[in-house]
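Results of the structural survey
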Amino acid sequence: MSTHLKIFLIIFSLFLMGILLTLISKRKLPIKYSLFWFFSSLLIFLVGLFPNFIEIFTSFIGFQTTSNLVIGIILGIVLFITLLLTLIISEQKQRIKLLVQEVSLLKEKINRKE
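The following paragraphs examine the structure supplied in this document. From a predicted model like this one, the values you see are computed outputs, not experimental measurements.

Note that Phe 57 resides in helix α3 (residues 51–61). Along the sequence, Phe 57 and Leu 69 sit 12 residues apart, while their C-alpha atoms lie 8.8 Å from each other.

Set out below in structure tokens:
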């Protein structure tokens, strides 16, 4: 791995962590949703510091090339993000349903008084 790529990965991971901290401090991103991104930026930082680690990990798992491992990791991350977003959508759907029911009950209560 070239020195330029190592430096880029380290700077990129620090930049990502800075953005995450800013979003959390401005309360635009809840902590429970930011943990995954912190772990991702930490992984990028470690790969920038110890580039041989990914090659050792590649041979340990049994991938033939490092690029295949990276593609597999990216695919896994995308699937994990999709699962998290599906869970968030399901939770929001339940909240909206409850809110609609509460508003309907309040409207009915107001209409009875009139």
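Further notes follow.
Helix α4 (residues 66–113) packs onto helix α2 (residues 31–49) with a crossing angle of 175 degrees between their chain directions and a minimal axis gap of 12 Å. It follows from the interaxial angle that α2 and α4 lie roughly antiparallel. In this structure, α2 uses Lys 32, Tyr 33, Phe 36 and Trp 37 to contact α4, whose residues at the interface are Ile 77, Phe 80, Ile 81, Ile 88 and Glu 91. Grouping the constituent residues of the contact of α2 with α4 by class yields 7 nonpolar, no polar and 2 charged.

Calculation notes
- Residues numbered from 1 in each chain as written.
- Predicted model: local features only at pLDDT ≥ 70, side-chain atom pairs only at ≥ 80, totals over all residues.
- Heavy atoms only, no water.
- Helix = DSSP H or I, 4+ residues; strand = E, 2+ residues; numbered from the N terminus.
- Axes fitted to C-alpha atoms, helices over the stretch in contact; angles between N-to-C directions.
- Parallel < 35°, antiparallel > 145°, perpendicular 65-115°, else oblique.
- Contact = heavy atoms within 4.5 Å.
- Nonpolar A, V, L, I, M, F, W, Y, C, P; charged D, E, K, R; others polar.

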